[in-house]
Every structure is written in structure tokens, then in C-alpha cells.
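Architecture at a glance
Here is how the chains run, residue by residue.
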Amino acid sequence: MLPTFFVGTVLWAALRRVPVYETFVTGAKDGFETAVRIIPHLVGMMVAIRVFRDSGALEWITGLVAQWISGIFPAEVLPMVLLRPISGTGSLTYMIDVLRTHGGDSWVGRLASTIQGSTDTTLYVITVYFGSVGIRKVRYALKVGLLSDLVSAAASAVAVWLVFGPPG
Amino acid sequence: MVSALWLGLLISGFVAAAFQGKIDIVTQSMLKGAEEGVAVALGLISILVLWLGVMRVAEEAGLIAALARLLRPLAGWLFPSVPADHPAMGSILSNMSANILGLGNAATPLGLKAMRQLQELNPDKEQASDAMCTLLALNTASLTLLPTTVIALRMQYGATSPTDIVAPTILATAVGTAAAIFLDRYYRRREARGRRGAKK
């Protein structure tokens, strides 16, 4: 898919007499500037997430929520739901952990995979997207992102149930 | 709100560590987090440079304009404040297309480009515009049809049919994206009502 798109685009452009290499370099410069511009935002957020996770605060909050939600949503996947919006690699690591413990064909394994695939790291997206243009007042964007993550997680459980039958 | 969450994460982490008497963990975590932040940004350089380069070529070749025509009715409804012939519309449309195909690496630079172009239309450079919020809602909900990384990892961890989660993923993504679009509109209306109320 990707190589076809890449080569196809360059070839198409060349046929339309676009100076392909020069055009590529001009566009590519923007990429470097953007990456450098987001470093402060990323460092700030990563530090907070690390402190939150390594200190055991995440675990403690997960334990608290698990009591409320057991029976409705499998507790094995709950930390991932909380982790998903704040750390993409964190939730991916957690998904791998679920797959390894319960097996790739397990119900919870499929649920974890579906959640990982159907949502994005809201906090990272907000940080990078708004940070790159210097937006500081994000209005309701964080609320919308986090709420739709919750909806996606619930919808994932329903979808896995619909496709693979009830848990167990 | 990001500021409040940031403070919340830091303070609760600090308190939790202090409570367990292992406060030096915070020092290590801060340094590690900073290192990770830089590493992620540096890791993004290659993909950002590559894709923005290719997308510039695609743009010059008229590919984006062709794609934009196809999805324009939908985007026109989602982004009423962006003029149909503004370059931001093209970037938004390609960002959406890349997300749909699961090309997350391509979607991000395109989304960032759309943001920059939306910022040109934005009267208040410090506050997100309506269109920026909608673009973000679409991207955080992640309109995905093919979760490539997840499939690869499932392969590695012994799933007999690694792609069997594609159907539930599409279902969940559709519901999540619909919710994001609805919530975006709902909170915008509420904010507008609040402003009118404050003026009275």
C-alpha cells in the first residue's frame, strides 16, 4: 500500500512535469521544523505521564474504578482504557501483556486489540496538533476526545460481543 | 484543561510516591519522561520529513485536489467555517483519507499541515477555532479501517486469525467517530449558549 502510493505519486507528478526532487525537499523541510517545534510539548507531557505511572498512582486509581465497574467491563482490560488516551505506547504495551497472559484468541485479548485499534492517544494528538501552531486555549477539545474514547471502549466491548459471542 | 490534567498527573504521582516513601522514583521518572519526549520527537522527524515531502509532490501533481473533490460534500458539512477552495480543506480531506486507510504515519503530518492552514483562518491565534476542534475530534476518535500495528502484534502473540478483529474495530471506530462528531457539535452549541447568557 505505502510503497505503491509513494512511487505512484512521484511517477504521476513526474509525468505532469513537476520537478519531483526539488518539490520533495521543499516539503520535507516543513517536517523537520514541525518535529523540533513539538519537543517542549512532548517532554512536558511525557514527564507527567511517567511520574503518574511509575509512582503507582495509575494502579491505585485503576483498583478504585475496578470495584465499580466489575461485571460490566472486564477488569483485565480496564487499565488499558485509562492508559489509552494518555499514552499510546503504554496502552500498546498493556495490550501485548493481555495477549501474552490470556492468549491471542482470548476474548479479553480481542477486546484489548479492538480498543487499541479503534481509538487514538487523545492527549498526544491534542498536544502535537495544537502545540505545533501555538494554540493554548483548547476549549472543549479534550472533553470531546476523552468522552469519545470512553464511547469507543464501550462500543469495542459490544462489537467484540456481537462478532465473537459473549465473554468466556 | 490540559493544564489541569498535567498538574493532576504530576501531583497525584508525587503524592502516591511520597505516601509509599519512595520519592526518589519521581526524580528518575521525570528524567526518563523528558528523555522519552525528546526520543519520540526525534523519532517523528524521519516520518514527518518523508511524508511532508511526498505530500508536497502529491499536492503539486494535483492528487490532493482530486481526492478533495470526492470527499468534499462530507467535509463541507463537517467544516462549515472553512471555504471549500481553501488549501486547509485539501489537507483536512487527505488527513481523513490517511486515517481511514490506517496510515497513521501519513495522517499526522497531514493533520499538522491542516492545523497550520486553519491557524491562518483563525482570528484568535491562542484559542482553537471551531474547525480545529472538529479536526481534533476526528483524529482523537481515529477513523480506522485497518489497524496495521495491532494485526502485526496479534500475529506475534499466537492469534490463529490476526485480522479477525478488523470487523469489531470498524464497528467500534464508526460508533466512536459518530460520538466525537456529535459531542463536538454539542459542546460548541453549549459554549455559544453560555456566551449569550453571559452578555445578558
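Residues numbered from 1 in each chain as written. Chains lettered and ligands numbered in written order. Predicted model: local features only at pLDDT ≥ 70, side-chain atom pairs only at ≥ 80, totals over all residues. Heavy atoms only, no water.

- As recorded in an unreviewed UniProt entry, chain B goes by the name Spore maturation protein, listed as coming from Kyrpidia spormannii.

1. Some remarks on the UniProt feature "transmembrane region" (unreviewed entry) in chain B
Residues and elements named next belong to chain B.
- Mapped onto the present numbering, the UniProt feature "transmembrane region" (unreviewed entry) falls on residues 37-54, 133-153 and 165-187.
- Along residues 37-54, the helical share is 100% and the strand share 0%, with 26 Å between the first and last C-alpha atoms.
- Secondary structure content for residues 165-187 is 96% helix and 0% strand, while the C-alpha to C-alpha distance between its ends is 32 Å. (UniProt positions renumbered as here; feature names shortened; annotations may be inferred. Helix = DSSP H or I, 4+ residues; strand = E, 2+ residues; numbered from the N terminus.)

2. Regarding the environment of B:Pro109
Residue and element names in this part refer to chain B.
- Tracing the sequence through the fold places Pro 109 in helix 5 (residues 104-121).
- For the pair Pro 109 and Ala 4, spaced 105 residues apart in the sequence, the C-alpha separation amounts to 27 Å.
- Excluding residues within four positions of it along the chain, Pro 109 makes contact with Leu 48, Trp 51 and Leu 52. (Contact = heavy atoms within 4.5 Å.)

3. A short note on the nonpolar core
- Counting residues in hydrophobic clusters, the biggest one holds 55 residues, and the most contacted among them are A:Phe130, B:Phe79, B:Met115, B:Leu118, B:Met132 and B:Leu136.
- A total of eight residues in this core trace back to one element, the largest contributor, which is helix 6 (residues 130-141) of chain B.
- With residues up to four places along the chain from it excluded, the contact list for B:Leu118 reads B:Val82, B:Ala88, B:Ile92, B:Ala131, B:Met132 and B:Leu135. (Core = buried A, V, L, I, M, F, W, Y, C linked by side-chain atoms within 4.5 Å. Buried < 20%, exposed > 50% of the residue type's maximum accessible area, 1.4 Å probe, protein only.)

4. Concerning the confidence of the model for chain B
Residues and elements named next belong to chain B.
- Confidence in the prediction of chain B, expressed as mean pLDDT, is 85, and 92% of residues score 70 or more.
- Per-element averaging of pLDDT across chain B places helix 7 (residues 148-156) at the bottom with 76 and helix 6 at the top with 94.
- Overall fold confidence (pTM) sits at 0.76, and the ipTM for the predicted complex is 0.77. (pLDDT = per-residue confidence, 0-100.)

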